[in-house]
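Topology and contacts: notes
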Amino acid sequence: SAASLPHILLIPSAGMGHLVPFVRLATALSVRRIAVSILAARPTVSAAESHLLSSLPSSIPILDFPLAPLDPSHFPPSSDPFYLHYEALRRSAHLLPPLLSVTGTSFSALIIDVSITSTFLPVASAANIPCLLLFTSSASMFALYSSIPSLSLSSPDFNIAGILKIPNSSLPPPLRDPTNLFTTQLVDNSRALPLAQGILINTFPALETEVLIAFNSGQIVPSLPPVIAVGPLPLLGNLAENHPPGASQAMRWLDEQPERSVMYVSFGSRTALPTEQIRELGAGLEMSGCRFLWVVKSTKVDREETGEIEELVGKGYLARVEGRGLVVREWVEQMVVLSHRAVAGFLSHCGWNSVMEAVAAGVTVLAWPRTADQRVNAALVARRGVGIWPDHWVWEAEPRRKGWWRRRRLGIR
Ligand code: BUP
């Protein structure tokens with residue numbers, strides 16, 4: 001009977017980089033005739049998330065989860081809106097059992113985002129529901145993540161189980177500050193990992209062979225449950241059916257370009273470049289003589305993205321590159337872009353979803369990691385021949401004074 005079929009509740013946290021792999025996992029389970037639902041914490045941070053949630057098919061029903069608001073005065077005013085959202089969700093774990101009892105569905109398991117591990121695992125365990133984690137970055141990054149409690153963060157290199165060397169310069173920048181919200185959450189979550197029934201990662205054995213073997217032979221953190229490579233997660237829907245040719249300005253433009261001639265340029269859904277750096281990147285793309293499709297982004301949260309492109313890239317830029325370069329500010333269907341016959345390269349920040357999508361589409365990556373896990377992912381990109389990475393480029397620490405980029409270029413401190 002329907003009541004005895006497995007039914008899994010998936011609980012993503014904030015940001016497209018987290019929601020997209022959850023939706024892909026839900027889709028993969030649902031085509032295997034496993035009933036799934038997604039818990040959607042409201043309000044979402046970005047408009048892109050609410051748009052994706054509202055476009056899901058009826059086979060992936062949504063359970064709305066209103067978040068108790070946080071008192072902003074308890075956090076530094078510059079706190080990342082996505083980390084604040086993780087925190088609000090983490091603090092709402094106790095509201096899950098009452099919500100589940102109202103739905104009347106008895107869920108056979110939960111699959112939750114790693115960023116909410118330390119508060120949701122105990123709640124799941126008290127409710128007697130098996131709980132697995134989905135880690136939305138690489139297995140290499142998970143090796144660092146799960147080892148954090150036992151590492152000295154000031155060592156020059158982290159040598160993880162003798163199989164993975166991560167230079168200190170690749171440590172996600174927020175981890176340098178023990179009071180940063182990201183750091184306190186990560187340390188808490190990392191300690192709770194052994195309580196999970198399993199850890200799913202969107203990777204595959206041929207890409208991260210040694211790390212996956214090391215996890216499952218207990219060499220990295222002996223107390224961890226099985227680490228299971230479930231990638232590459234299937235892409236959303238049927239590309240050809242859902243995205244007919246010419247469906248958007250970007251696709252119409254790509255349709256007119258020669259085979260494998262275009263560089264796709266995007267730094268993901270939550271990395272904003274300062275205007276001066278946008279100008280420099282624009283100049284570089286112009287000087288390169290390459291064809292390019294550039295998704296330009298100047299704010300972290302898409303709702304705040306307003307105004308004309310010309311204000312960002314500079315007056316006259318669009319006319320100068322016309323025919324050869326297209327600059328857009330709105331969301332593009334990245335997987336459809338990467339699968340287009342005209343696209344040959346991807347200048348990417350190396351968010352993990354972007355890397356997996358490039359691998360799946362067979363597009364070469366030019367890595368320019370900007371923050372978080374991205375240097376660890378970029379190193380893997382270079383090591384496994386997925387692309388290239390000029391690894392002497394360092395993080396640019398935030399916050400910056402106005403004009404920092406020009407001063408750095410001119411060698412002025
Ligand atoms: Br921008 C953009 N279209 O225009 P990552 C992104 N995406 O489809 P991030 C689009 O969002 P985290 C756009 O294909 C990928 O699936 C893209 O995830 C899609 O980077 C996702 O690549 C972005 O992991 O997230 O956004 O920085 O910080 O969680 O890695």
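The following refers to the structure shown. The residue numbers shown here count from 1 along each chain, following its written sequence. For this predicted model, a pLDDT threshold of at least 70 governs which residues receive local features, and a threshold of 80 or more governs which side-chain atom pairs are given and counted, while totals over whole chains, interfaces and linings are taken from all residues. Note that the side-chain values use all heavy atoms of the structure and ignore hydrogens as well as water.

1. Focus on empty space enclosed by the protein
Lining residues are those with an atom within 4 Å of a point, where the points come from a 1 Å grid over the protein atoms alone and group into cavities, where a 1.4 Å probe fits but cannot get out, or pockets, open sets with protein on both sides within 12 Å along at least five of seven lines. Grid points are joined across faces, edges and corners, and a volume is the space filled by probe spheres set on the points. Enumeration according to the criterion identifies 4 cavities of 30 Å³ or more in this entry. The space that makes up the largest cavity amounts to roughly 80 Å³. Under the scheme used here, helices are H or I runs from DSSP no shorter than 4 residues and strands are E runs no shorter than 2 residues, and both carry numbers assigned from the N terminus. Counting residues per element, the ones that place at least two in the lining of the largest cavity are strand E2 (35-42) and helix H2 (47-54). The greatest single-element share of the lining of the largest cavity, amounting to 3 residues, is contributed by E2. For the lining of the largest cavity, the residue count by class is 7 nonpolar, 3 polar and 1 charged. Residue polarity is assigned by list, with Asp, Glu, Lys and Arg as charged and Ala, Val, Leu, Ile, Met, Phe, Trp, Tyr, Cys and Pro as nonpolar; anything else, Gly included, falls into the polar class.

2. Some points on the site of the ligand
One heavy atom within 4 Å of a molecule or strand makes the whole residue count as near it. In the region of the ligand, 16 residues are neighbours, and Ser269, Val332, His349, Ser354 and Glu357 sit closest. N or O atoms within 3.5 Å of each other form a polar contact, as long as, within protein, one can give a hydrogen and the other can take it, and as long as residues adjacent in sequence are counted only when both atoms are side-chain atoms. Between His349 and the ligand, the recorded distance is 2.9 Å, taken from a side-chain N or O atom to an oxygen atom. A distance of 2.6 Å is found between an oxygen atom of the ligand and a side-chain nitrogen or oxygen belonging to Glu357. To be clear on the numbers: accessible area is Shrake-Rupley with a 1.4 Å probe, and residue cover counts the displayed protein chains and nothing else. In the complex, the protein chains occlude 94% of the 630 Å² of accessible area that the ligand would expose alone. At the level of secondary structure, the elements contributing two or more residues to the shell around the ligand comprise helix H1 (16-31) and helix H15 (352-361). Of the residues forming the shell around the ligand, the biggest block, 4 residues, is contributed by H15.

3. Details of the pattern of salt bridges
Salt-bridge detection follows one rule: a side-chain nitrogen of Lys or Arg within 4 Å of a carboxyl oxygen of Asp or Glu. Applying the stated criterion to the full structure yields 7 salt bridges. A salt bridge links Glu357 to Arg24; its shortest N-O distance comes to 2.9 Å. Of this pair, Glu357 sits in helix H15 while Arg24 is found in helix H1, placing the two residues 333 residues apart along the sequence. In this structure, Glu357 and Arg24 share a single accessibility class: buried. Between Glu87 and Arg90 there is a salt bridge; the shortest N-O distance is 3.4 Å. With a gap of 3 residues between them, Glu87 and Arg90 both fall in helix H3 (residues 81-90), about one helical turn apart. One exposure class covers both Glu87 and Arg90, and it is buried. Through salt bridges with shared partners, a single ionic network connects Glu87, Arg90, Arg91 and Asp188. Exposure classes here rest on a 1.4 Å probe applied to the protein chains alone. A residue is buried below 20% of its type maximum, exposed above 50%, and partly exposed in between.

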